[in-house]
Amino acid sequence: MKEKEVILTLEGLKKLEKELEELKTIRRREVAARIKQAIEFGDISENSEYEDAKNEQAFIEGRILTLEQMLRNARVIDDERTGTDEVSIGSTVRLKDLEFGDEVEYTIVGSVEADPGAHKISNESPVGKAILGQRKGSIVEVSVPAGLLKYQIVDIR
């Protein structure tokens with residue numbers, strides 16, 4: 001089975017690489033030291049420190065494998081080459097809500113980097129899917145659980 005392509009901006013790639021490096025160099029050593037210390041306490045069959053450390057070790061190793069797989073399958077979007085003619089991954093888009101008149105700005109990123117609180121939405125989200133490929137001035141309808149939203153694309157950067 002083919003592994004899913006992971007779409008990243010250069011910023012997102014660097015962030016994942018930094019996390020992977022920290023897990024491999026710092027967190028692995030820290031948890032190994034915790035395990036060693038817990039073993040020194042004696043009987044590990046009833047040692048909660050040991051269990052906690054082993055669980056953390058399993059989490060770290062799982063996250064390392066996940067990050068390595070994501071980086072192996074990464075396709076980096078060049079922000080410099082992102083056009084302003086139509087919305088694409090890497091574009092920053094200002095939308096006007098046609099019902100309420102509010103404007104909001106989003107950057108379209110791959111699902112791995114999505115962070116709605118930071119105004120980064122996934123190309124796989126309902127809004128992301130609806131605006132991809134659209135041009136400035138276009139009106140798009142987005143079907144969401146709460147109903148139908150209508151936006152006009154005000155600007156693309």
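Structural data are supplied above this passage.
The structure displayed is predicted, hence computed values, not measured ones. (Residues numbered from 1 in each chain as written. Predicted model: local features only at pLDDT ≥ 70, side-chain atom pairs only at ≥ 80, totals over all residues. Heavy atoms only, no water.)

**A few points about the nonpolar core**
Core analysis: the biggest nonpolar cluster contains 17 residues, and Val87, Val93, Leu95, Ile108, Val127, Ile131 and Ile153 have the highest contact counts within it. Elements with a contribution of two residues or more to this core: strand S3 (92–97), strand S4 (103–109), helix H3 (126–131), strand S6 (139–144) and strand S7 (147–156). If we ignore the near neighbours within four places in the chain, the residues touching Val127 are Leu95, Ile121, Val142 and Tyr151. Judged by nonpolar contacts, the second largest core, of 15 residues, contains Leu20, Ile35, Ile60 and Met70. (Core = buried A, V, L, I, M, F, W, Y, C linked by side-chain atoms within 4.5 Å. Buried < 20%, exposed > 50% of the residue type's maximum accessible area, 1.4 Å probe, protein only. Helix = DSSP H or I, 4+ residues; strand = E, 2+ residues; numbered from the N terminus. Contact = heavy atoms within 4.5 Å.)

**As for the packing of helix H1 (residues 10–40) against helix H2 (residues 48–72)**
Remark: H1 packs on H2, axes separated minimally by 9 Å, with the N-to-C direction vectors making an angle of 160 degrees. Classified by the angle between their axes, H1 and H2 sit roughly antiparallel to one another. As H1 packs across H2, the resulting crossing turns out to be left-handed. (Axes fitted to C-alpha atoms, helices over the stretch in contact; angles between N-to-C directions. Parallel < 35°, antiparallel > 145°, perpendicular 65-115°, else oblique. Left-handed = near helix turned anticlockwise from the far one by under 90°.)

**Re the side chain of Asn123**
Within the secondary structure, Asn123 is located in the loop between strand S5 (120–122) and H3. Note on Asn123: relative accessible area 12%, which makes it buried.

**Here we look at the pattern of salt bridges**
In this structure the tally under the stated criterion is twelve salt bridges. Where Glu103 meets Arg94, a salt bridge forms, and the shortest distance between an N and an O atom there is 3.7 Å. A residue is classified by how much of its surface remains accessible, and Glu103, at 44% relative accessible area, is partly exposed. On the basis of relative accessible area, Arg94 is assigned to the partly exposed category, the value being 30%. Because the salt bridges share partners, they merge into one network encompassing Arg27, Arg34 and Glu56. (Salt bridge = Lys/Arg side-chain N within 4 Å of Asp/Glu carboxyl O.)

**Quick notes on unusual backbone geometry**
Trans peptide bonds make up most of the peptide bonds, and negative phi angles are found at most residues other than glycine. Here the phi dihedral of His119 falls at roughly 65 degrees; this positive angle occurs in a residue that is not glycine. With respect to the secondary-structure elements, His119 resides in the loop between S4 and S5.

**Brief notes about the side chain of Glu113**
With respect to the helices and strands, Glu113 occurs in the loop between S4 and S5. Those residues in contact with Glu113 that lie beyond four places of it in its chain are Ile7, Leu8, Thr9, Glu11, Gly12 and Lys120.

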